[in-house]
Amino acid sequence: MLLPVERQQQILTWIEEEGALKVSEASRRLGVSEMTVYRDIQPLTEQGKILKTSNGLARVSLPTVRADHCVYCGKGTSSRFAVQIIRADHGVEQACCAHCGLLRYGDAKEDVAQVICRDYLADTTIGARSASFLIGADVRLNCCDPQVLVFGSRKDAERFRAGFGGELYGFDEAIQAVKEEMDGGACCRG
C-alpha cells in the first residue's frame, strides 16, 4: 500500500496527464476508499496544486496573460524594471517589476528554476537570488506598491538607501516583506 505522499504524487501525475480525474476513479486505481482520497487531496487543494470540481479533481490552469504583460498584475512588461521567471519546464513568465516578480515567485516557487531581473543603477541583468532588494525608497517608478528596487551590489544598494531611504533585504526576506505589506493594503492587480 502506498503512503499518503506517494498517493498524492500519483494523483498529481494522473491529473497532469489527463487534465481531470473523478474521486471514485482515483479511489479505484489506488485501491483505497474515497474518504482516503479526499484526505489525500486536501493539502493539494490548499496548496493550489489541484482544484476540486463538481466532477472530481482538475488541473489548476494559469490565467491567460499576453506575453508582453505581467503574469501577476496584468500591466505591460516593456520597462527596464521587468522581471523574467524561468520555470522548471523552461517556460518563461514576465512580471512588470520586482514587486510582482517576488510575489509570483512566492506563489510558484516549486515550479521556478530561475528569476532574472535588472540592476537599478547599472541596468545589467542579474540573478534575483543573489541580488539586494530595496523596498520603500523615496523614488517613484510608477509601478506597483510597495516599490522594489533591485541591486546587484549590496554596497550600491546601501549607498542608494542612504540617500533615498527604504529597507534592504535579500531574496527570501524581500518576498516575505512584500507579502506582509500587501496583507495590509490593496493589491496591485488590476
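Our structure is the block above this text.
Residues numbered from 1 in each chain as written. Predicted model: local features only at pLDDT ≥ 70, side-chain atom pairs only at ≥ 80, totals over all residues. Heavy atoms only, no water.

J.: So, the packing of helix 4 (residues 98-108) against helix 6 (residues 171-183): which residues are in play, and what are the values?
T.: Between helix 4 and helix 6, whose axes approach to 9 Å, the crossing angle comes to 100 degrees. By the angle between their axes, helix 4 is roughly perpendicular relative to helix 6. Packed against helix 4, whose contacting residues are H99, L102, L103, Y105 and G106, the element helix 6 presents F171, A174, I175, V178, K179 and M182 at the interface. A class-by-class count of the residues in the contact of helix 4 with helix 6 yields eight nonpolar, two polar and one charged. (Axes fitted to C-alpha atoms, helices over the stretch in contact; angles between N-to-C directions. Helix = DSSP H or I, 4+ residues; strand = E, 2+ residues; numbered from the N terminus. Parallel < 35°, antiparallel > 145°, perpendicular 65-115°, else oblique. Contact = heavy atoms within 4.5 Å. Nonpolar A, V, L, I, M, F, W, Y, C, P; charged D, E, K, R; others polar.)

J.: Mind laying out the packing of helix 1 (residues 4-18) against helix 3 (residues 34-46), listing which residues take part and the relevant values?
T.: It is the contact of helix 1 with helix 3, at a shortest axis distance of 9 Å, that shows an interaxial angle of 75 degrees. It follows from the interaxial angle that helix 1 and helix 3 lie roughly perpendicular. Across the interface between the two elements, P4, R7, Q8, I11 and L12 of helix 1 pack against T36, V37, D40, I41, P43 and L44 of helix 3. Class assignment of the residues belonging to the contact of helix 1 with helix 3 gives a composition of seven nonpolar, two polar and two charged.

J.: Would you mind going over the packing of aromatic side chains in detail, with residue names and values included?
T.: In total, this model carries seven aromatic pairs according to the counting rule given. Ring geometry for Y120 versus F151: centroids 6.0 Å apart, planes at 65 degrees, classification edge-to-face. Placement of Y120 in the loop between strand 6 (112-118) and strand 7 (125-127) and of F151 in strand 9 (residues 148-151) is noted, with a sequence separation of 31 residues between them. Using a relative accessible area of 0% as the deciding quantity, one classes F151 as buried. With centroids separated by 5.4 Å and ring planes inclined at 75 degrees, the aromatic side chains of Y120 and F160 adopt a geometry described as edge-to-face. Pair noted here: Y120 is in the loop between strand 6 and strand 7 and F160 is in helix 5 (residues 154-164), with a separation of 40 residues, a long-range link. (Phe/Tyr/Trp six-rings, centres within 6.5 Å; stacked < 30°, edge-to-face > 60°. Buried < 20%, exposed > 50% of the residue type's maximum accessible area, 1.4 Å probe, protein only.)

J.: So what's going on with helix 1? Residues and values would help.
T.: With 15 residues, helix 1 extends 21 Å from end C-alpha to end C-alpha; this agrees with the ideal 21 Å at 1.5 Å per step. If you check which residues of helix 1 are buried, you get R7, Q8, I11, W14 and I15. Buried residues of helix 1, seen end-on, are gathered within an arc of 125 degrees and therefore sit on one face of the element. Opposite the buried face of helix 1, at more than 90 degrees from it, the exposed residues are V5, E16 and E17. Here the buried face of helix 1 lies against strand 1 (20-21), helix 2 (23-30), helix 3, strand 2 (50-53) and strand 3 (56-59). The positive-phi residue at the C-terminal boundary of helix 1 is G19, with phi of around 90 degrees. (Expected span 1.5 Å × (residues − 1). Arc of directions from axis to C-beta.)

J.: Hey, could you go over helix 6 for me, with residue numbers and the actual values?
T.: The end-to-end C-alpha distance of helix 6 is 19 Å, a good match for the 18 Å that 13 residues give at a rise of 1.5 Å each. Here helix 6 has its buried residues at F171, A174, I175, A177, V178 and M182. Projection of helix 6 onto a plane perpendicular to its axis shows the buried side chains occupying an angular sector of 165 degrees, all on one side. Among the exposed residues of helix 6, those pointing more than 90 degrees away from its buried face are D172, E180 and D183.

J.: For the environment of A122, give the residues involved together with the corresponding values.
T.: Checked against the element boundaries, A122 lands in the loop between strand 6 and strand 7. Using a relative accessible area of 49% as the deciding quantity, one classes A122 as partly exposed. Sequence separation between A122 and E180 is 58 residues; the distance between their C-alpha atoms is 29 Å.

J.: Requested: an account of the pattern of salt bridges, with residues and values cited.
T.: This structure, assessed with the given rule, holds ten salt bridges. Residues R80 and D123 are paired through a salt bridge, measuring 3.5 Å at the closest nitrogen-oxygen approach. One end of the pair, R80, is in the loop between strand 3 and strand 4 (83-87); the other, D123, is in the loop between strand 6 and strand 7, with 43 residues separating them in the sequence. Among the salt bridges present, the one from R87 reaches E93, with a minimum N-O distance of 3.3 Å. (Salt bridge = Lys/Arg side-chain N within 4 Å of Asp/Glu carboxyl O.)

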